[in-house]
Amino acid sequence: MDAGRREPHIVAVINQKGGVGKTTSAVNLGAALAQAGQRVLMIDLDPQAHMSLHLGIDPDAVEQSVYDLMVDEGCDASKAVTRIDDNLDAIAAETDLAAAESELASNPHRNELLRNRLSAILPTYDAVVIDCPPSLGVLTLNALVLANEVFVPMQAHFLALQGVGKLLETIGLVCNSVNPDLQVTGIILCMHERQTMLAREVVSDLEEFIESSRDQDVPWRACRVLQPPIRRNIKLAEAPSFGQTIFQYEPGCHGANDYRQLADDVLSGWNPSAEATTTDSVEVDSESAPCVETPTEITPTDPDRDRVESA
Ligand SMILES: Nc1ncnc2c1ncn2[C@@H]1O[C@H](COP(=O)(O)OP(=O)(O)O)[C@@H](O)[C@H]1O
Ligand SMILES: [Mg+2]
């Protein structure tokens, strides 16, 4: 990158488990960062195209998707960009993306395609948020080569920590081979039910695990649990079907406030001396506000539960 050009913060949102809140977090954190004045590019790397749909983009109607960007050398990155809102752009996925894996198998530079093709437009952004598929194939590897940070969304469920531990180790291996500068900097607690004993225990184990890594040479040694945990909120589950971010759909709900505050926490990590900008007018105090709309006890026998209650 040229001298004088600033590199954006490039965040890959990854968890190999489905239904943990990756897309919801990528979309709404990205949108909150844009509202805070950051110029944000979102990239949908999941062939399911959930991020694109959540942003109101019809994946079948985009002229050039992230798939074209990866498989077509002549594709102009700026033509793949869709404007969503002030400060907010996106590169959409389409279902063809699933074919990229096999189509690129023989390309020796397959893991660097995204980084190379986006290099011309990256300097126009302050932050890039990449929504990854729930797997560690060539698409996720492209995200890990492009990114300088990883955020891991997770639910504080039985066995979730084992899954995150394995994910971190895999990211460690990937860092050693493809991107040594990559750091896992944040865990996002999603659909969080703070009042349950299980959630408290999982978070305490998670914090202990992170603390024990501080003096180790691992890419998650600077990791922290981003604040606040994102509460379970039905509006967050409804917004995607309207093709809207939570700030377009219901800007005053708990979900919007949680993601606004999360963006402030992310920004303070990136720029520790800056004042928080997004929560000045937020009225809800997440400490005193109810944690869930429908109180429920999580059962350890149901670790994969990922759907919302109908609150
Ligand atoms: N905080 C939340 N409260 C309520 N529902 C949520 C919340 N976060 C995510 N969801 C819902 O949970 C499901 C899985 O979330 P999603 O972000 O799509 O996960 P992933 O991308 O990891 O598969 C979706 O239906 C989504 O709308
Ligand atoms: Mg998803």
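Starting afresh in each chain, residues are numbered from 1 along the sequence in its written order. Lettering of chains starts at A and numbering of ligands starts at 1, both following the order in which they are written. pLDDT decides what is reported in this predicted model: residues at 70 or higher carry local features, side-chain atom pairs at 80 or more are listed and counted, and totals for whole chains, interfaces and linings draw on all residues regardless. Hydrogens are left out, water is left out, and the side-chain values use all remaining heavy atoms of the structure.

Digging into the environment of Asn233
Think of it this way: any DSSP run of H or I at least four residues long counts as a helix, any run of E at least two long counts as a strand, and we number them from the N terminus. Within the fold, Asn233 resides in the loop between β8 (224-225) and α9 (234-238). For the pair Asn233 and Asp258, spaced 25 residues apart in the sequence, the C-alpha separation amounts to 9.9 Å.

What about the side chain of Ser52?
Note that Ser52 resides in helix α2 (residues 50-54). Contacts described as polar in this section are N or O atom pairs within 3.5 Å, which, within protein, must combine one atom able to donate a hydrogen with one able to accept it, while residues neighboring in sequence count only if both atoms come from side chains. There is a polar contact of 2.7 Å between the side chain of Ser52 and the side chain of Asp44. Excluding anything up to four places from it in sequence, Ser52 contacts Asp44, Ile57, Pro59, Ala92 and Ala93. Note on definitions: a residue-residue contact is assigned when non-hydrogen atoms from the two residues lie within 4.5 Å.

Structural notes on the confidence of the model for the protein chain
On a range of 0 to 100, pLDDT expresses the predictor's confidence in each residue. With 86% of its residues at a pLDDT of 70 or more, the protein chain has an overall mean of 87. Scored below 50 in pLDDT, residues 1-5 shows four contacts in the model against residues more than four places distant or in partner chains. Across residues 280-311 the pLDDT falls below 50, and counting only partners more than four positions away or on other chains, this stretch makes 72 contacts in the model.

Focus: the pairing of strand β4 (residues 88-91)
Each residue gets one of three labels from its accessible area relative to the maximum for its type: buried under 20%, exposed over 50%, partly exposed in between, using a 1.4 Å probe on protein chains only. Side chains Leu88 and Ala90 of β4 all project onto a buried face; the interleaved residues Asp89 and Ile91 project onto the opposite face, where all are buried too. The criterion for strand pairing is that DSSP finds at least two bridges linking the strands in question. In this sheet, β4 lies alongside strand β2 (residues 40-44) in parallel orientation, the contact comprising four bridges. Residue Val40 lies in a different strand from β4, and its bridge partner there is Leu88. Pairing between strand β3 (residues 81-85) and β4: four bridges, direction antiparallel. Directly across from Arg83, in β4, lies its bridge partner Asp89.

Some remarks on the nonpolar core
Membership of the largest hydrophobic core comes to 60 residues, with the highest contact counts inside it found for Ile43, Leu45, Leu118, Ile130 and Val150. Among the elements that make up this core, the one with the highest residue count is helix α7 (residues 160-177) (seven residues). For Ile130, the contacting residues outside a window of four places in its chain are Ile10, Val11, Ala12, Val13, Ile43, Leu45, Ala143 and Leu146. The definition of a nonpolar core used throughout is a set of buried Ala, Val, Leu, Ile, Met, Phe, Trp, Tyr and Cys residues joined through side-chain atoms within 4.5 Å. If you look at the next biggest cluster of nonpolar residues, it comprises 40 residues, including Ala34, Leu55, Leu88 and Ala127.

Side note on the packing of aromatic side chains
Put simply, two rings from Phe, Tyr or Trp (the six-membered ring, in Trp's case) pair if the centres are within 6.5 Å, and we call them stacked under 30 degrees between planes, edge-to-face over 60, tilted for the rest. Counted under the stated rule, the structure contains two aromatic pairs. Centroid distance Phe209 to Trp220: 6.5 Å. Interplanar angle 15 degrees. Geometry classified as stacked. In this pair, Phe209 sits in helix α8 (residues 197-213) while Trp220 sits in the loop between α8 and β8, placing the two residues eleven residues apart along the sequence. Judged by relative accessible area, Phe209 falls into the partly exposed class, the value being 28%. By relative accessible area, which is 8% here, Trp220 ends up buried. Between the aromatic rings of Phe242 and Tyr249, the centroid separation amounts to 5.0 Å while the plane-to-plane angle is 25 degrees, which identifies the pairing as stacked. Phe242 gets classed as exposed once you look at its relative accessible area, which sits at 52%.

Quick word on α7
Every helix has an expected span of 1.5 Å times one less than the residues it contains. Here α7 spans 26 Å end to end across 18 residues, near enough to the 26 Å set by a 1.5 Å rise per residue. Buried residues of α7: Ala160, Val164, Gly165, Leu167, Leu168, Ile171, Gly172, Val174 and Cys175, and no others.

Quick notes on the sheet that holds β3
Taken in spatial order, the eight strands line up as β3-β4-β2-β5-β1-β6-β7-β8 in an open sheet, and their pairing is mixed. Edge positions in the sheet fall to β3 and β8, since each has one partner strand and no second.

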